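Geometric and topological summary
The lines below spell out each chain.
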Amino acid sequence: MTETLHPVWISGAARLAGVIGHPVTHSRSPRLHGFWLARHRIDGAYLPLAIRPEDLAQVLPALPRMGFRGVNLTLPHKELVLPLCDEVEPVARAIGAVNTLIFGEDHRITGTNTDAWGFGAALAAGAPARDAAAPALVLGAGGAARAVVYALAKAGAARILIANRTAERAAALIRDLAPHCPATVLEAVDWAARSDLLAGCGTLVNTTSLGLHGQPPLDIDLGLADDRLVVSDIVYDPLETPILKAARARGLVAVDGLGMLLHQAVPGFERWFGVRPVVDAALRRHVAADLLIGEPAPC
Ligand code: ATR
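Residues numbered from 1 in each chain as written. Predicted model: local features only at pLDDT ≥ 70, side-chain atom pairs only at ≥ 80, totals over all residues. Heavy atoms only, no water.

Let us look at the sheet that holds strand β1 (residues 15-21). Sheet architecture is open: 6 strands sit in the order β2-β1-β3-β5-β6-β4, paired in mixed fashion. The sheet is open, and its two borders are formed by β2 (44-50) and β4 (87-88), each paired with just one other strand. Where β4 lies against strand β6 (residues 109-112), 2 bridges are found, and the strand directions are parallel. Its bridge partner being in β6, Val88 is matched across the sheet by Gly111. Sheet strands touched by helix α1 (residues 29-39): β1, β2 and β3 (68-73). Its angle to β2, the strand with the most contacts, is close to 175°. (Pairing = 2+ DSSP bridges. Helix = DSSP H or I, 4+ residues; strand = E, 2+ residues; numbered from the N terminus. Contact = heavy atoms within 4.5 Å. Axes fitted to C-alpha atoms, helices over the stretch in contact; angles between N-to-C directions.)

Glancing now at helix α11 (residues 266-273). By the criterion of burial, α11 is predominantly enclosed, with 6 of the 8 residues buried. Along α11, the positions that sit buried rather than exposed are Val266, Pro267, Gly268, Phe269, Trp272 and Phe273. Phi turns positive one or two residues past the end of α11, at Gly274, with a value near 80°. (Buried < 20%, exposed > 50% of the residue type's maximum accessible area, 1.4 Å probe, protein only.)

A few words on the site of the ligand. Within the structure, the ligand sits among 13 residues, and Ala141, Asn164, Arg165, Thr166 and Arg169 are positioned closest to it. For the ligand, an oxygen atom lies 2.5 Å from a polar atom in the side chain of Thr166. Expressed as a share of its isolated accessible area of 640 Å², the protein-covered part of the ligand is 68%. Among the detected pockets, the ligand sits in the largest pocket. (Near = heavy atom within 4 Å. Polar contact = N/O pair within 3.5 Å; in protein donor to acceptor, adjacent residues only side chain to side chain. Areas by Shrake-Rupley, 256 points an atom, 1.4 Å probe, with all protein chains shown as cover. 1 Å grid on protein atoms, 1.4 Å probe; cavity = no way out; pocket = protein on both sides within 12 Å on 5 of 7 lines; lining within 4 Å. Sits in = over half its atoms within 2 Å of the grid points.)

Now for the layout of surface pockets. Of the volumes computed, that of the largest pocket is approximately 1,500 Å³. Leu75, Lys78, Ala144, Ile234 and Tyr236 are, among the 47 residues lining the largest pocket, the residues nearest its centre. (Points joined across faces, edges and corners; volume = space filled by probe spheres on them.)

All right, on to the sheet that holds strand β7 (residues 136-139) then. The strand order across the open sheet formed by 6 strands is β9-β8-β7-β10-β11-β12, and the pairing between neighbours is parallel. Taken across any chain shown, the strands that pair with only one partner, and hence form the sheet edges, are β9 (185-189) and β12 (253-255). Here the strands of the sheet are splayed against their neighbours by 20° on average, with no regard to which way each runs. In terms of strand pairing, strand β8 (residues 159-163) meets β9 through 5 bridges, oriented parallel. Paired with Leu161 across the bridge in β9 is Glu187.

In short, geometric facts, not functional conclusions.
Structural data, given as structure tokens:
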């Protein structure tokens, strides 16, 4: 059943947050945070802020002075914002990108990254029986792969194999992340060997754009997979990517990419608005309905 949400009229004391992007029209975050604001009847607002990269250094320091509690960042700002922060939390330093800013009373800007936490929380929710210590195979070596590798390592993976079409990017990811994941062996492997390497793995994660609406599907053979393999895709458009469909057809646990999008928003919402929100079926439906429509729908 769809949850009935009523708009909350904001007062002069409303708490403010938002998402900075360029473009920002594609962002699902206003819909997501708007759902929680309405559910908890919070006197607050979460706004899409279209800010050009060349204007970021000028606009950002003004936001805490205008009463904002913090913001999310999306493309192309996640790396650009690093030198503009007064403080960067270790997880964001390790991943090399900031997706959440917290503004202090003194207007200090703290940058963090909740993508790794969000991925870990979504995986734990979608595959509670996953063997977190077993080797994992991660496909891709972009920004999302960094968050995923960090999360898998922190969850206890003894060994993580990273297969990327461009081998140098996998090597760079390992060079940057290895010091932050001392208990995990990070190993670059051949992209062409991805199907063979599945044998003995407990987790497979696709962080490439393959399978995304309009892109070719990810070509991988699950034939050698262990029956307990958990298959996760960070692509959420479509919700059921070809690899997740193939995994389910084989009886494997499959975790879609929407959970990461939803869970990564939890820490920011809590820090800005003072309530720890939950990710549940009603929220999933609310955001997924928007995905099916394609363009953000009016709330
Ligand atoms: P994000 O920050 O979302 O991870 P990205 O940095 O653009 O995005 O990374 C996209 C990932 O998808 C990369 O690992 C990319 O591989 P390359 O590093 O070789 O570019 C991978 N990718 C995109 N298209 C691909 C394709 N056709 N075949 C294999 N990998 C592909």
